[in-house]
Amino acid sequence: MRNLPPPDSDSSPLGLEEWIGIIIAITTIGGILIGVLGQRQKGLNLQQWIGSLTSEPTTEAPEEPKVTSPIAEEIPTRQTVSSAPLATDSPSPSPAVAAAPESPEEGEAFPEIARAVPLAPIVSAPRTETPTETTTETAEIPRETPEATPTPTPTETPDAAVNFTDIPDNYWASPYITALVQREIMSGFPEDNTFKPNNSINRAEFAALLRSAFDQQATLETPKFQDVSSDFWAWSAIQETSKTNFLRGYPNNTFQPKQPISKVQVLVALASGLGLEATQPAQEVLQTYQDSDQIPEYAREKVSAATEAGIVVNYPNPESLNPTQDATRAEVAAMVYQALVEAGKADTVTSEYVVNP
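Definitions and cut-offs
- Residues numbered from 1 in each chain as written.
- Predicted model: local features only at pLDDT ≥ 70, side-chain atom pairs only at ≥ 80, totals over all residues.
- Heavy atoms only, no water.
- Core = buried A, V, L, I, M, F, W, Y, C linked by side-chain atoms within 4.5 Å.
- Buried < 20%, exposed > 50% of the residue type's maximum accessible area, 1.4 Å probe, protein only.
- Helix = DSSP H or I, 4+ residues; strand = E, 2+ residues; numbered from the N terminus.
- Contact = heavy atoms within 4.5 Å.
- Polar contact = N/O pair within 3.5 Å; in protein donor to acceptor, adjacent residues only side chain to side chain.
- Patch = residues over 30% accessible without salt bridge, like charges linked within 9 Å, V, L, I, M, F, W, Y side chains within 5 Å.
- Areas by Shrake-Rupley, 256 points an atom, 1.4 Å probe, with all protein chains shown as cover.
- Salt bridge = Lys/Arg side-chain N within 4 Å of Asp/Glu carboxyl O.
- Axes fitted to C-alpha atoms, helices over the stretch in contact; angles between N-to-C directions.
- Parallel < 35°, antiparallel > 145°, perpendicular 65-115°, else oblique.
- Nonpolar A, V, L, I, M, F, W, Y, C, P; charged D, E, K, R; others polar.
- Phe/Tyr/Trp six-rings, centres within 6.5 Å; stacked < 30°, edge-to-face > 60°.
- Lys NZ or Arg CZ within 6 Å of the ring centre and 35° of its normal.

**Some words on the nonpolar core**
Formed by 67 residues in total, the largest nonpolar core has its most connected members in Ile177, Phe206, Phe214, Leu270, Val303, Ile311 and Val336. At the level of elements, α8 (174-182), α9 (203-213), α10 (235-243), α11 (263-273), α13 (300-308) and α14 (329-342) are the ones that each hand at least two residues to this core. Ranked by residue count, the leading element in this core is α14, at nine residues.

**Re the environment of Trp172**
Within the fold, Trp172 resides in the loop between α7 (119-148) and α8. Along the sequence, Trp172 and Ala330 sit 158 residues apart, while their C-alpha atoms lie 8.9 Å from each other. Beyond its immediate chain neighbours, meaning those up to four positions away, Trp172 contacts Val313, Tyr315, Ala330, Glu331, Ala334 and Tyr353. At 3.4 Å, the side chain of Trp172 forms a polar contact with the side chain of Tyr171.

**What to know about a nonpolar patch on the surface**
Together, Leu16, Ile20 and Ile24 give the surface a local cluster of nonpolar side chains, amounting to about 320 Å² of exposed area. Locating Leu16 in the fold gives a position in helix α1 (residues 16-41). Exposure remark for Leu16: the relative accessible area of 66% places this residue in the exposed category.

**Describing the packing of α11 against α13**
Geometry of a packed helix pair, given as the angle between the helix axes and the separation of the axes. For the pair α11 and α13, the least separation of the axes is 8 Å and the interaxial angle reads 75 degrees. The orientation of α11 relative to α13 falls into the category roughly perpendicular. Across from Val264, Leu267, Val268, Ala271 and Ser272 in α11, the residues of α13 making contact are Lys302, Val303 and Ala306. Along the lines of polarity and charge, the residues of the contact of α11 with α13 split into six nonpolar, one polar and one charged.

**A short note on the packing of aromatic side chains**
In this structure the tally under the stated criterion is nine aromatic pairs. On the numbers, 5.6 Å between centres and 45 degrees between planes, the contact of Phe164 with Phe195 is tilted. On the criterion of sequence distance, the pair formed by Phe164 in the loop between α7 and α8 and Phe195 in the loop between α8 and α9 is long-range, its members being 31 residues apart. Judged by relative accessible area, Phe195 falls into the buried class, the value being 0%. Pairing Tyr171 with Trp172 gives two aromatic rings, centres 6.0 Å apart and planes at 45 degrees, and the pair type is tilted. Just as Tyr171 is buried, Trp172 falls in that class too. Arg329 extends its terminal NZ or CZ atom over the ring of Phe195, reaching a point 4.3 Å from the ring centre.

Here it is, written out as structure tokens:
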């Protein structure tokens, strides 16, 4: 029997199964290497691929490059927000403005975009509204003026009947008296339904009559007459007719309201209040009257102007003025009405007693 040496403990012969495992491992590693090399050619990073297998996917990394896209998408929204005037000063920004980045670099860029965008809407908005407002205003102006102008036309006389027991229809001053009574400028005596045409009229009554007949503008200062107190019944009428230059006081600063007014004073008052001026020499015009020498010197120019204007009415003789006599109520009615005709506030009344120089 042959003695064999004992087996070497350091040697480890591989069996068939070991070699098969080695071949499979080499094949697997080779396949992995071939696959990695193929993915790298397609732009895949091996480290990212391995990291994706070992760690959780990061959401911020792939969304990094998308920061520029929402900025570009928010530009139209900034245009709508900035369409209102002073969009940069608006205290309540829209959601698009609130979502803008807060970094100084990006915050400085956005105001430039917002300032450039609102230029067109700011200019166009007011221009579309202003023409509509101007057209409506200009269209209303011509509609108001024709309605206001024809109203103050007191040329028409009322149709109310006036019947006084002492004024017959054929009375020479009947048309004048009727017209003034209908206009409520003069009135009769209701206790006996008379007018008393031949009675005189005092200066206070004449002042009240003038205030009712005319609406002249005040051109003089308020007078202070010593004989007219503020509790006098005709105080306001005397004040108004004095400021409009119809009636003036006497040199001693009195008005003498209860004094009967003369015919020449009536003519001077009417010519002065209406601002009438003689166009011809007074001497030539006054030759129409047989008693022209009785006209006071201070009244000659105004009586001449009143004569040219057709205000003088003389009954029964047109050539006889009787300037210093007290004017009767019928004469005052006739001359005041003729003054209204001269002022364009009454229709002409035909009478043979109107003086035409």
